[in-house]
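Residues per chain are reported as follows:
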Amino acid sequence: MDADTHELPETHFMHNRVRMVTASFLNKDLHLNWRLGGAQYSEEQLLDGNSASNRLNWQWNVGIGTDAAPYFRIFDPILQSTVRSR
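Remember, predicted model here, so these are calculated numbers, not experimental data. Throughout this description, residue numbers start from 1 for each chain and increase along the sequence as written. Local features in a predicted model are, by the rule used here, given only for residues with pLDDT of at least 70; side-chain atom pairs are given and counted only at 80 or more, and totals for whole chains, interfaces and linings are based on all residues. In computing side-chain values, all of the structure's heavy atoms are included and hydrogens and water are not.

(A) Quick look at the layout of surface pockets. A volume near 420 Å³ is recorded for the largest pocket. Together, 23 residues line the largest pocket, and Arg-19, Ser-42, Leu-46, Asn-54 and Trp-58 are the ones closest to its centre. Runs of H or I in DSSP of at least four residues are treated as helices and runs of E of at least two as strands, each being numbered from the N terminus. Mapped onto the lining of the largest pocket, the elements with two or more residues apiece are helix H1 (2-11), helix H2 (16-29), helix H3 (34-45) and helix H4 (51-62). Only Asp, Glu, Lys and Arg are considered charged, only Ala, Val, Leu, Ile, Met, Phe, Trp, Tyr, Cys and Pro nonpolar, and every remaining residue, Gly among them, polar. Among the residues making up the lining of the largest pocket, the classes are represented as nine nonpolar, 12 polar and two charged. Only protein atoms enter the 1 Å grid used here, on which a cavity is any set of points holding a 1.4 Å probe that cannot leave and a pocket is any open set flanked by protein within 12 Å on both sides along at least five of seven lines; residues with an atom within 4 Å of a point are listed as lining. Grid points are joined across faces, edges and corners, and a volume is the space filled by probe spheres set on the points.

Following this line, the structure appears as structure tokens:
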């Protein structure tokens, strides 16, 4: 996740799974405001950013709006990785 967040300002792209893990970390662990800490910054940085889609995805990740189970959605970078040790 760290490498991807450093790559974002240079390439202006970020994999979807990394977007979700990063959003979860910023909101659930660091308790940053989703509007300023994520949605606004990602709209400024991403070449494929779509304002409506971006904001709805951030709302889905933090569990606000029409989401039924907000506290269940916590992404773990280790569990979400493609390479895991057993």
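Text resumes after the structure shown.
(B) Inspection of the environment of Gly-38 at higher detail. Note that Gly-38 resides in helix H3. For the exposure calls, accessible area comes from a 1.4 Å probe over protein chains only, and a residue counts as buried if that area is under 20% of its type's maximum, exposed if over 50%, partly exposed in between. Since its relative accessible area comes to 3%, Gly-38 is described here as buried. When the C-alpha positions of Gly-38 and Leu-26 are compared, they lie 7.6 Å apart, and in sequence the two are 12 residues distant. Should any heavy atoms of two residues lie within 4.5 Å, those residues are considered in contact. Apart from residues lying up to four places away in sequence, Gly-38 is in contact with Asn-33 and Trp-58.

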